[in-house]
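This is what each chain is made of:
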Amino acid sequence: MRKAKTRNLLVLFHLLAAGLLAPLFLLVAFTGGSYLTDNKGETVETPLAVPADLVLDPDAATIEADVRAVLSANDLDTGFDYLRMRPGSITTRPTSRDFVVFSEEDGVWSATLNQPSVQYSLMELHKGHGPETFRIYQIIAAITLFLVVLGGLLVGFMSPAYRGRTIGSLALGAVVFIALAFLF
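Report on the accompanying structure. These numbers come from a predicted model, not from an experiment. For every chain, the first residue of its written sequence is number 1, and the numbers climb from 1 along that sequence. Thresholds applied to this predicted model are a pLDDT of at least 70 for local features of residues and 80 or more for the giving and counting of side-chain atom pairs; totals over whole chains, interfaces and linings are not thresholded and use all residues. Excluding hydrogens and water, the side-chain values take into account all heavy atoms of the structure.

With that settled, consider the overall build of the protein. Starting at the N terminus, helices and strands are each numbered in turn, a helix being any DSSP run of H or I of at least four residues and a strand any DSSP run of E of at least two. Helix and strand counts for the protein stand at five helices and five strands. Listed N to C, the secondary structure of the protein is α-β-α-β-β-β-β-α-α-α in terms of helices and strands. Restricting the calculation to C-alpha atoms gives the radius of gyration, and the globule rule supplies 2.2 Å times the number of residues raised to the power 0.38. In terms of C-alpha radius of gyration, the protein reaches 23 Å, well past the compact-globule figure of 16 Å for 184 residues. Referenced to the eigenvectors of the C-alpha coordinate spread, the extents of the protein come out at roughly 75 × 40 × 30 Å. Looking at the protein as a whole, 29% of its 184 residues qualify as buried. In the protein, the proportion of contacts linking residues at least 24 apart, taken out of those at least 6 apart, comes to 56%. Calculation of accessible area relied on Shrake-Rupley with a 1.4 Å probe; when residues are assessed, cover is drawn exclusively from the protein chains displayed. Just so you have it, the protein exposes about 11800 Å², and 65% of that area is on carbon and sulfur atoms. The distance from the centre of the 14 positive side-chain charges to the centre of the 17 negative ones in the protein is 30 Å. Each residue is placed in one exposure class: buried if its accessible area under a 1.4 Å probe, protein chains only, is under 20% of its type's maximum, exposed if it is over 50%, and partly exposed if it falls in between. We call two residues in contact whenever any of their non-hydrogen atoms come within 4.5 Å of each other. Residues counted as positive are Lys and Arg, residues counted as negative are Asp and Glu, and His and the chain ends are not counted. The atom standing in for a charge is NZ when the residue is Lys, CZ when it is Arg, CG when it is Asp and CD when it is Glu.

Along the chain, the position of Thr 31 falls in helix 1 (residues 3–36). Apart from residues no more than four positions distant in its own chain, Thr 31 is found in contact with Leu 122, Met 123 and His 126.

What follows deals with the sheet that holds strand 4 (residues 99–105). Note on pairing: two strands pair once DSSP finds at least 2 bridges between them. Strand order across the open sheet formed by five strands is 1-5-4-3-2, with antiparallel pairing between neighbours. In this open sheet, the two strands that pair with only one neighbour each are strand 1 (43–48) and strand 2 (82–86). Taken pair by pair, the neighbouring strands of this sheet meet at an average axis angle of 25°, ignoring direction. In terms of strand pairing, strand 2 meets strand 3 (residues 89–93) through five bridges, oriented antiparallel. Of the residues in strand 3, the one forming a bridge with Tyr 82 is Arg 93. Helix axes use the C-alpha atoms of the stretch in contact, all axes being lines fitted to C-alpha atoms, and the angles between their N-to-C directions lie in the range 0 to 180 degrees.

Okay, the nonpolar core next. Judged by nonpolar contacts, the single largest core of 15 residues is most densely connected at Leu 56, Val 67, Ile 90, Val 100 and Phe 102. For this core, the secondary structure elements donating two or more residues are helix 2 (63–73), strand 4 and strand 5 (108–116). For this core, the element with the most residues is helix 2, which contributes four residues. Sequence-distant contacts of Val 100, defined by excluding residues within four places in its chain, comprise Leu 48, Leu 71, Leu 76, Ile 90, Thr 91, Thr 92, Ala 111, Thr 112, Leu 113 and Asn 114. Here, nonpolar core refers to any group of buried Ala, Val, Leu, Ile, Met, Phe, Trp, Tyr and Cys residues whose side-chain atoms link them within 4.5 Å. Counting residues in each nonpolar core, the second largest holds five residues, with Leu 21, Leu 24, Leu 27 and Leu 125 among its members.

Looking now at the pattern of salt bridges. Counted as salt bridges are all cases of a side-chain nitrogen of Lys or Arg within 4 Å of a carboxyl oxygen of Asp or Glu. Counting across every chain of the model gives four salt bridges. Its salt-bridge partner being Asp 38, residue Lys 40 comes within 3.5 Å of it at the nearest N-O pair. Between Glu 132 and Arg 135 there is a salt bridge, with the nearest N and O atoms lying 3.6 Å from each other. In this pair, Glu 132 and Arg 135 are both assigned in helix 4 (residues 132–158), three residues apart and thus about one turn of the helix distant. On the accessibility criterion, Glu 132 (34% relative accessible area) is partly exposed. When its relative accessible area of 29% is taken as the criterion, Arg 135 is described as partly exposed.

With that settled, consider helix 2. Ile 63, Val 67, Val 70 and Leu 71 are the residues of helix 2 that are buried. Take helix 2 and look down its axis: the buried residues cluster within an arc of 100°, on one side only. The inward-facing, buried residues of helix 2 abut strand 2, strand 3 and strand 4. Two residues or fewer after helix 2 comes Asp 75, characterised by a positive phi angle close to 55°. The directions considered for the arc run from the helix axis to the C-beta atoms.

For Arg 135 and Leu 125, which are ten residues apart along the polypeptide, the C-alpha to C-alpha distance reads 8.2 Å. Setting aside residues no more than four positions away along its own chain, Arg 135 makes contact with Tyr 82, Gly 128 and Gly 130.

Okay, here's the thing in structure tokens:
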């Protein structure tokens, strides 16, 4: 294949992939900037009724069914994707939507319904705490982003008119990254 045709094909791939992923990249830019300026969103917490003798064993084979039973008893959606378990707490995921946190203190379990604001929901999507299908999309987007950047560099290196600028901007970007990340 001729060099010009290869370059045009790379440019086309670069543009199509960037356009398809632009909404996700805008989400990441917005939520990342918001997080760095301490705008993390919030949740409204509502205590839930739990049986006084409730025992949740994270190691039990029935843990998901036990959690679903408490959710069902409170007339809540029982369709969570998975549970995040830590010592003394169990959280239904995704947390980009209404979610429940179970907490254990001195052998007594309690639960709260957490209703996230839009900002909090977007942050949770950014962190990978959204629905399983969105997490798969994020993995594909990460791979595609790598290919988009690599393709953009290849196009720059292949074009004699842009080769010097590509090398210069790549070198400057690497110096700024290394200086800010590791030296200052």
